[in-house]
Amino acid sequence: MIGNIKIQNVSKNFDGVNVLNDFNLDIEPGSFVSLIGPSGCGKSTLLRIIGGLEHSSEGSVFLDGEKITKAGSDRGFAFQGSNLFPWLTIKENVSFGLKARKIYKEKKGDVAEMLKLVGLSGFENSYPHQVSGGMQQRASLARAIVGHPKVLLLDEPLGALDAFTRMNLQDEILRIKNENDMTMLMVTHDVDEAIYMSDKVVVMSARPSRVEAVVDIDLPRPRVRVQDTFTLYRNKILEYLNLGGKVQEAEYNI
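The model shown is predicted, which means the values in this text are computed figures rather than measured ones.

Draft legend 1. Main features of helix α3 (residues 104-117). Its 14 residues place the ends of α3 18 Å apart at the C-alpha level, agreeing with the 20 Å of an ideal helix rising 1.5 Å per residue. For α3, the complete set of buried residues consists of D110, V111, M114, L115 and L117. The positive-phi residue at the C-terminal boundary of α3 is G119, with phi of around 75°.

Right, dumping it as structure tokens:
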């Protein structure tokens, strides 16, 4: 299996503000890992470094033994907003990366497959403003996975959705993971979401961030949100967050 991520001694500074400090983490191939921590602790920054959209100030990140130095098709990225191009149809949005890489002709069958996978068959020729927010997010997911990346990076992809749509898409993402051999790494502020979806929850401390704890979620799937063990995991993670969430300086949006 592919998709092993190794984060080794990573530090990141923004204009003298130390966001990540000697951060170390190993993510097993094929696992679903959530990053959770106080606002401004560098969760999204870490995700962008793994995605090759930011460079670390110190340290390195490796994917299957290869050092990450730039963005690549082996990593898909889904953001909080769908970030769809409003002037393109749903199909054209999903196809965009393949066309940019000039591999659309041989891969166009994958577009229809991914649209079907996320439940958007029949909406191929709709524009983003003509479909719901949940459907836009589904299209964003299809765009991120159509190139069959080793790793899918999820930066609060469901944060802007209503609770009902959010829970439905949590199941959708897990189904996509089961049907595609990839590692998933997600940033979230929702403790229940992290427990429901993840094999491991990485609790990050306040800035400058380190790993406060790694919590293995040993619950059978599909998971039941109201069971006693789920509540125990929630209390455990909240306790870690309270211990590691004290910020010593003014907050920054990073």
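After that view of the structure, there is still more to cover.
Draft legend 2. Structural detail: the packing of helix α2 (residues 90-100) against α3. Orientation of α2 relative to α3, taken along the N-to-C sense of each, is 140°, at an axis distance of 10 Å. With respect to each other, α2 and α3 are oriented oblique. For α2 against α3, the interelement crossing comes out right-handed. Where α2 abuts α3, its residues I90, K91, V94, S95, L98 and K99 lie against Y104, K107, V111 and L115. Taken together, the residues that form the contact of α2 with α3 break down as six nonpolar, one polar and three charged.

Draft legend 3. Focus on helix α5 (residues 163-179). With 17 residues, α5 extends 25 Å between its outermost C-alpha atoms, agreeing within 8% with the 24 Å of an ideal straight helix rising 1.5 Å per residue. The set of residues buried in α5 consists of R166, L169, Q170, E172, I173, L174, I176 and K177. Of the surrounding secondary structure, the elements contacted by the buried residues of α5 are β3 (32-36), α3, α4 (133-145), β7 (151-155), β8 (183-187) and α6 (191-197). The backbone nitrogen of F164 lies 3.2 Å from a side-chain oxygen of the residue at the head of α5, namely D162.

Calculation notes
- Residues numbered from 1 in each chain as written.
- Predicted model: local features only at pLDDT ≥ 70, side-chain atom pairs only at ≥ 80, totals over all residues.
- Heavy atoms only, no water.
- Helix = DSSP H or I, 4+ residues; strand = E, 2+ residues; numbered from the N terminus.
- Expected span 1.5 Å × (residues − 1).
- Buried < 20%, exposed > 50% of the residue type's maximum accessible area, 1.4 Å probe, protein only.
- Axes fitted to C-alpha atoms, helices over the stretch in contact; angles between N-to-C directions.
- Parallel < 35°, antiparallel > 145°, perpendicular 65-115°, else oblique.
- Left-handed = near helix turned anticlockwise from the far one by under 90°.
- Contact = heavy atoms within 4.5 Å.
- Nonpolar A, V, L, I, M, F, W, Y, C, P; charged D, E, K, R; others polar.
- Polar contact = N/O pair within 3.5 Å; in protein donor to acceptor, adjacent residues only side chain to side chain.

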